[in-house]
Amino acid sequence: GGCRHRCCPGRNNACWAPSARGARCYCDSYCERTGDCCQDYRAACRHAAVGCVVGPWGPWSGCSSPCGVGSKDRSRQVTIPPRHGGEPCPDLKQRRGCLGDDPACGATK
């Protein structure tokens, strides 16, 4: 089977070709996980693969609660999106717990 001009990113059941034995072989990047790639998948598809590249983490936000338990988050941007079955992007957002310590909190007690 041949993947030439048939390479697809991710999981795509419509991205296949007939194999030498007459069964289907696949040309999507998920075939590497399932082990059902066409014989020429690496030569035809992986050479053009570009993995995701992300920028640095931004600053943490302020605590969502001025008094007591809350959360803060931060994010980062994709600088180069994945193409041709390259590595997918990692998480772009993070969240963590925090304790609000606004000076006004003590006055309300």
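Residues numbered from 1 in each chain as written. Predicted model: local features only at pLDDT ≥ 70, side-chain atom pairs only at ≥ 80, totals over all residues. Heavy atoms only, no water.

The name given to the protein in an unreviewed UniProt entry is SBSPO protein, with the source organism recorded as Anseranas semipalmata.

**So, the pattern of salt bridges**
For the coordinates displayed, the defined rule picks out 2 salt bridges. E32 is the partner of R42 in a salt bridge, and the nearest nitrogen-oxygen pair spans 2.9 Å. With R42 in helix α2 (residues 41–45) and E32 in helix α1 (residues 31–34), this residue pair connects regions lying 10 residues apart in the sequence. Note on E32: relative accessible area 32%, which makes it partly exposed. D73 is paired through a salt bridge with R95; the nearest N and O atoms lie 3.2 Å apart. (Salt bridge = Lys/Arg side-chain N within 4 Å of Asp/Glu carboxyl O. Helix = DSSP H or I, 4+ residues; strand = E, 2+ residues; numbered from the N terminus. Buried < 20%, exposed > 50% of the residue type's maximum accessible area, 1.4 Å probe, protein only.)

**Re the domain arrangement of the protein**
According to the domain assignment, the protein contains domain 1 (1–48) and domain 2 (54–108). When each unit is reduced to the centre of its C-alpha atoms, the spacing between domain 1 and domain 2 is 38 Å. (Domains from an automatic or database assignment.)

**Thoughts on the confidence of the model for the protein**
Residues of the protein with pLDDT of at least 70 account for 91%, and the chain-wide mean is 86. Across the protein, the element-wise mean pLDDT spans from 73 in helix α3 (residues 104–107) up to 94 in strand β4 (residues 67–75). (pLDDT = per-residue confidence, 0-100.)

**Points about the packing of aromatic side chains**
This model, assessed by the stated rule, comprises 0 aromatic pairs. Positioned above the aromatic ring of W16, the side-chain terminus of R24 is 3.9 Å from the ring centre. Above the face of the W60 ring, R96 is positioned so that its terminal group lies 4.1 Å from the ring centre. (Phe/Tyr/Trp six-rings, centres within 6.5 Å; stacked < 30°, edge-to-face > 60°. Lys NZ or Arg CZ within 6 Å of the ring centre and 35° of its normal.)

**With respect to the state of the cysteines**
Tallying each qualifying case throughout the model produces 8 disulfides. Disulfide pairing is shown between C8 and C15; the S-S distance is 2.2 Å. Disulfide C8-C15: torsion about the S-S bond near 95°, hence right-handed. The burial state of C8 is the same as that of C15; both residues are buried. (Disulfide = S-S within 2.5 Å.)

**Some thoughts on the nonpolar core**
In summary, soluble globular proteins display a tendency toward joint burial of nonpolar side chains. Ranked by size, the top nonpolar core spans 11 residues in total: C3, C8, C15, A17, C25, Y26, C27, C31, C38, Y41 and C45. For this core, the elements supplying multiple residues, two or more each, are β2 (24–26) and α2. (Core = buried A, V, L, I, M, F, W, Y, C linked by side-chain atoms within 4.5 Å.)

**Points about the environment of R24**
With respect to the helices, strands and loops of the structure, R24 is situated in strand β2. Given the relative accessible area of 47%, R24 is considered partly exposed. The spatial distance from the C-alpha of R24 to the C-alpha of R95 is 43 Å, given a sequence separation of 71 residues. R24 has contacts with W16 and A17, leaving out every residue within four places of it along the chain. (Contact = heavy atoms within 4.5 Å.)

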